[in-house]
Amino acid sequence: MSNRRNLFFYYKHSEEIESELKELSQLALDHGFQVIEEMEQANVIVSIGGDGTFLQAIRKSNFREDCLFAGISTTGSLSLYCDFHIEDKSKMIEAMTNAEIEVRKYPTIEVCVDEKTSFYCLNEFSIRSAIIKTFVMDVFIDDLHFETFRGDGIIVATPTGSTAYNKSVKGAVVDPMLPCLQVSELASLNNNRYRTLGSSFILSEARKLRLKVVQDGNDFPTMGMDNEALSIRHVENIEISLSNKKIKTVKLKDNSFWEKVKRTFL
């Protein structure tokens, strides 16, 4: 950890967190870290809050690959991205003093809208109708027209994102060691005119997904990148693929992805 000593705390300002921050900062200083005020200068970024705050920290850092991320939970329990609880300082000290600390790498997806706007997601990209009306998209896998979708929307999730929005619509939970995308439907309409697979499907890292929005008056869909909304008018083509960017997080003993899944859901 000798080359990872510039630490930045990312959090939503509140009196509760501000009071805890003094103790956390002192703890970091006592163990050889430099607490800094500029995220760009950090090589360790620690979010304080929940999974939503962790996702925001990743996004605000522009999905940096040259630093290590960690999450501290302020809720009653740990979560999928928060490996530490704010009251369990001993676990934080153990991580800070471990010179041979392991790193876990989470895959991300890249989304390009109309060949102009490009962004990354750690959990999922979602696209939904913005009005009380179903909308139509042609779904392409590489250059193959796979299906014509009509319904409320589609979710494209990473393996770690498979436990979030994707799971709530009966998508599968996927091991992050499998570099892939998962595509799940939101209330698809199946009849003699429109027919979809009707279930989630998984694409390998070598595949590219393309969604072509049929322009029928619903060309201003609501698009979500993790826990943020993206506002773009007259959307026509969306290309989604697995990115080369990987988010590095602290890998703790007895805290694998599947142990997190068990802790969270079982």
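Here, every reference points to the structure presented above.
Throughout what follows, the structure given in this document is the object of discussion.

About the cut-offs
Residues numbered from 1 in each chain as written. Predicted model: local features only at pLDDT ≥ 70, side-chain atom pairs only at ≥ 80, totals over all residues. Heavy atoms only, no water. Helix = DSSP H or I, 4+ residues; strand = E, 2+ residues; numbered from the N terminus. Rg over C-alpha atoms; globule rule 2.2 N^0.38 Å. Buried < 20%, exposed > 50% of the residue type's maximum accessible area, 1.4 Å probe, protein only. Contact = heavy atoms within 4.5 Å. Phe/Tyr/Trp six-rings, centres within 6.5 Å; stacked < 30°, edge-to-face > 60°. Lys NZ or Arg CZ within 6 Å of the ring centre and 35° of its normal. Arc of directions from axis to C-beta. Salt bridge = Lys/Arg side-chain N within 4 Å of Asp/Glu carboxyl O. Pairing = 2+ DSSP bridges. Disulfide = S-S within 2.5 Å.

Re the overall build of the chain
Phase 1: Scanning the chain from N- to C-terminus turns up 5 helices and 16 strands.
Phase 2: A compact globule built from 266 residues should have a C-alpha radius of gyration of about 18 Å, and the chain, at 20 Å, falls within 12% of that.
Phase 3: Across its three principal axes, the chain shows a C-alpha extent of roughly 65 × 35 × 30 Å.
Phase 4: Of all 266 residues assigned to the chain, the portion counted as buried reaches 51%.
Phase 5: If you take every contact in the chain between residues at least 6 apart in sequence, the share linking residues at least 24 apart comes to 69%.

Quick look at the packing of aromatic side chains
Phase 1: Taken as a whole and judged by the stated rule, the model has 7 aromatic pairs.
Phase 2: Ring geometry for phenylalanine 119 versus phenylalanine 125: centroids 6.1 Å apart, planes at 45°, classification tilted. When sorted by exposure, phenylalanine 119 lands in the same class as phenylalanine 125, which is buried.
Phase 3: Seen from their ring centres, phenylalanine 257 and tryptophan 258 are 5.2 Å apart, and the 80° between their planes marks the pair as edge-to-face.
Phase 4: One aromatic cluster is present, formed by Phe54, Phe69, Tyr81 and Tyr106 through successive ring pairs.
Phase 5: Here arginine 5 stacks its cationic end above the ring of phenylalanine 33, 4.5 Å away from the centre of that ring.
Phase 6: Looking at lysine 167, its charged tip hangs above the ring of phenylalanine 265, at a distance of 4.4 Å from the centre.

A word on helix α5 (residues 257-265)
Phase 1: Every buried residue of α5 is listed here: Phe257, Lys260 and Val261. For α5, the angular spread of buried residues about the axis comes to 100°, placing them on one side.
Phase 2: For α5, the secondary structure elements touched by its buried residues are β6 (102-113).

Some thoughts on the environment of lysine 260
Phase 1: Mapping lysine 260 onto the fold places it in helix α5.
Phase 2: Non-local contacts of lysine 260, meaning those with residues more than four positions away in its chain, are made with Ser79, Leu80, Asp83, Arg104, Tyr106 and Asn255.

Section: unusual backbone geometry
Phase 1: Phi at aspartate 114 is positive, roughly 50°, even though this residue is not glycine.
Phase 2: Located in the positive-phi region is lysine 170, a residue other than glycine, with phi close to 70°.
Phase 3: Along the chain, the position of lysine 170 falls in the loop between α4 (165-168) and β11 (180-188).
Phase 4: By relative accessible area, which is 75% here, lysine 170 ends up exposed.

Some words on the pattern of salt bridges
Phase 1: Under the definition given, this model contains 8 salt bridges.
Phase 2: Residue aspartate 226 is joined to arginine 59 by a salt bridge in which the shortest nitrogen-to-oxygen separation is 2.9 Å. One end of the pair, aspartate 226, is in the loop between β14 (222-225) and β15 (228-230); the other, arginine 59, is in helix α2 (residues 51-60), and 167 residues separate them in sequence. Each member of the pair, aspartate 226 as well as arginine 59, carries the same accessibility label: buried.
Phase 3: With a closest N to O distance of 2.9 Å, lysine 260 and aspartate 83 form a salt bridge. A residue pair is termed long-range when its members are at least 10 positions apart, and lysine 260 in helix α5 and aspartate 83 in the loop between β4 (68-73) and β5 (84-85) qualify at 177 residues.
Phase 4: Taking the relative accessible area as the measure of exposure, lysine 260 reaches 1% and is therefore buried.

Digging into the pairing of strand β8 (residues 124-128)
Phase 1: Taken across its 5 residues, β8 has 4 buried, putting it largely inside the fold.
Phase 2: In the sheet, β8 pairs with strand β10 (residues 144-157) via 5 bridges, with the strands oriented antiparallel. Looking at β10, one finds that serine 126 is bridged to isoleucine 155.
Phase 3: Bridge count for β8 against β14 is 4 bridges, and the pairing is antiparallel. The partner of phenylalanine 125 across the bridge, within β14, is methionine 225.

Structural notes on the state of the cysteines
Phase 1: Tallied over the entire structure, the rule returns 0 disulfides.
Phase 2: Lacking any disulfide linkage, cysteine 67 is separated from the closest cysteine sulfur, that of cysteine 82, by 16 Å.
Phase 3: In this structure cysteine 67 comes out as buried when scored by relative accessible area, which is 3%.
Phase 4: Sulfur of cysteine 121: no disulfide; nearest cysteine sulfur belongs to cysteine 112 and is 12 Å away.

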